[in-house]
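Next come the chains, spelled out residue by residue.
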Amino acid sequence: VQLVESGGGLVQPGGSLRLSCAASGFTFSRYAMSWYRQAPGKERELVARITSVGGSTNYAGAVKGRFTISRDNAKNTVYLQMNRLKPEDTAVYYCNTRMGVLAPDYWGQGTQVTVSS
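Below is a short write-up of the structure. (Residues numbered from 1 in each chain as written. Predicted model: local features only at pLDDT ≥ 70, side-chain atom pairs only at ≥ 80, totals over all residues. Heavy atoms only, no water.)

Some thoughts on the sheet that holds strand 7 (residues 67-72)
Here is step 1: Taken in spatial order, the four strands of this open sheet run 1-3-8-7, and their pairing is antiparallel. Of all strands in the sheet, those with a lone pairing partner are strand 1 (2-6) and strand 7, marking the two edges. The average undirected angle you get between the axes of adjacent strands in this sheet is 15°.
Here is step 2: In the sheet, strand 3 (residues 17-24) pairs with strand 8 (residues 77-82) via six bridges, with the strands oriented antiparallel. Pairing of serine 20 across the sheet is with tyrosine 79, part of strand 8. (Pairing = 2+ DSSP bridges. Helix = DSSP H or I, 4+ residues; strand = E, 2+ residues; numbered from the N terminus. Axes fitted to C-alpha atoms, helices over the stretch in contact; angles between N-to-C directions.)

Brief notes about the state of the cysteines
Here is step 1: Inspection of every chain in the model, using the stated rule, returns one disulfide.
Here is step 2: A disulfide bridge connects cysteine 21 with cysteine 95, and the sulfur atoms are separated by 2.2 Å. Measuring handedness by torsion sign, the sulfur bridge of cysteine 21 and cysteine 95 sits at about -85° and is left-handed. Of this pair, cysteine 21 sits in strand 3 while cysteine 95 sits in strand 9 (residues 91-98), and the two are 74 residues apart along the sequence. Both residues of the pair, cysteine 21 and cysteine 95, count as buried. (Disulfide = S-S within 2.5 Å. Buried < 20%, exposed > 50% of the residue type's maximum accessible area, 1.4 Å probe, protein only.)

In structure tokens form, the structure reads like this:
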């Protein structure tokens, strides 16, 4: 299993970024995918999740209405569109999947998002 994030960077408050996570080594379309983030000195937290079939989504309260998670099963890629970014969104963003309740978590290497003027 390999998850490779991209798209992070430095953006001003109110700006937008689109993160991508390219997945390989498993049947991507069969599993839910998630984005997590971890800010300095804080625990890693769930940002958004999308199911495998039907694409149902759920979001952390802090990002609801600003972030959108989506997936392209033909490209084995999951995205996180982030709009109206705030300084408190600054963190390393990680792509995640788990192939069953008792299965281990798989993580990408993370991509840094910094929101600052």
